[in-house]
Amino acid sequence: MEKTLASRLGGAARVARTRLNLTQADVAERIGIASEVYGRLERGHMLPSIQTFRRLCVVLSISADEALGLKPSQDVKWAAEPPSDYGESAELRRLLRRAKQLDRGSIRILSVLASQFKPRG
């Protein structure tokens, strides 16, 4: 593995992730890898597979050229629009990730608890 390439890719991923206001866990979940693995990728300690690299580019809305540092940032024509939940806060996305792991009974309890809070506004 070429260390410079891994560092360049990790830096581009970090910049794009923070621009979209995503956490490492958010990106890892969307591309289908463990948070720890994504953290190593972002720190430049590893290179992703081709399939993971493509998903990374789509999720972060960057071109492969930009991710690899081949040319300046340009509009990404092939990348899908980011999902609408990108506008949610990191705390809400974290809560939703945790809630998805709960069993039915725990979800009912969480729902009852949440109904006791007053909505904002």
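What you are looking at is a predicted structure, and each value in this text was computed from that prediction instead of being measured.

### Quick look at the pattern of salt bridges
Consideration 1: Across all of its chains, the model carries five salt bridges by this definition.
Consideration 2: The salt bridge partner of Arg 97 is Glu 29, with a shortest N-O separation of 3.6 Å. With Arg 97 in helix α6 (residues 90-100) and Glu 29 in helix α2 (residues 24-31), the pair connects residues that are 68 residues apart, well separated along the chain.
Consideration 3: By relative accessible area, which is 39% here, Glu 29 ends up partly exposed.
Consideration 4: What emerges from the salt-bridge pattern is a single network uniting Asp 26, Glu 29, Arg 93 and Arg 97.

### As for the environment of Ala 13
Consideration 1: For Ala 13, the location among the structural elements is in helix α1 (residues 3-19).
Consideration 2: With near-sequence residues (within four places) excluded, Ala 13 lies in contact with Tyr 38, Glu 42, Leu 56 and Leu 60.

### Considering the nonpolar core
Grouped burial of nonpolar side chains is what soluble globular proteins tend to show.
Consideration 1: In this structure, Val 27, Ile 31, Tyr 38, Leu 56, Leu 60, Ile 62 and Ala 67 are the most contacted members of the largest nonpolar core, which totals 19 residues.
Consideration 2: Breaking this core down by element, the ones donating at least two residues are α1, α2, α3 (35-42) and α4 (50-60).
Consideration 3: The greatest single-element share of this core, amounting to five residues, is contributed by α4.
Consideration 4: Ignoring sequence-local partners within four residues, the contact set of Tyr 38 consists of Ala 13, Arg 17, Gln 24, Val 27, Ala 28, Ile 31, Ile 33, Leu 56 and Leu 60.

### Focus on a nonpolar patch on the surface
Consideration 1: Together, Leu 92, Leu 95, Leu 96, Leu 102, Ile 107, Leu 110, Leu 113 and Phe 117 make up a nonpolar patch on the protein surface, roughly 700 Å² of accessible area in all.
Consideration 2: At the level of secondary structure, the elements contributing two or more residues to the nonpolar patch comprise α6 and α7 (104-115).

The rules behind the values
- Residues numbered from 1 in each chain as written.
- Predicted model: local features only at pLDDT ≥ 70, side-chain atom pairs only at ≥ 80, totals over all residues.
- Heavy atoms only, no water.
- Salt bridge = Lys/Arg side-chain N within 4 Å of Asp/Glu carboxyl O.
- Helix = DSSP H or I, 4+ residues; strand = E, 2+ residues; numbered from the N terminus.
- Buried < 20%, exposed > 50% of the residue type's maximum accessible area, 1.4 Å probe, protein only.
- Contact = heavy atoms within 4.5 Å.
- Core = buried A, V, L, I, M, F, W, Y, C linked by side-chain atoms within 4.5 Å.
- Patch = residues over 30% accessible without salt bridge, like charges linked within 9 Å, V, L, I, M, F, W, Y side chains within 5 Å.
- Areas by Shrake-Rupley, 256 points an atom, 1.4 Å probe, with all protein chains shown as cover.

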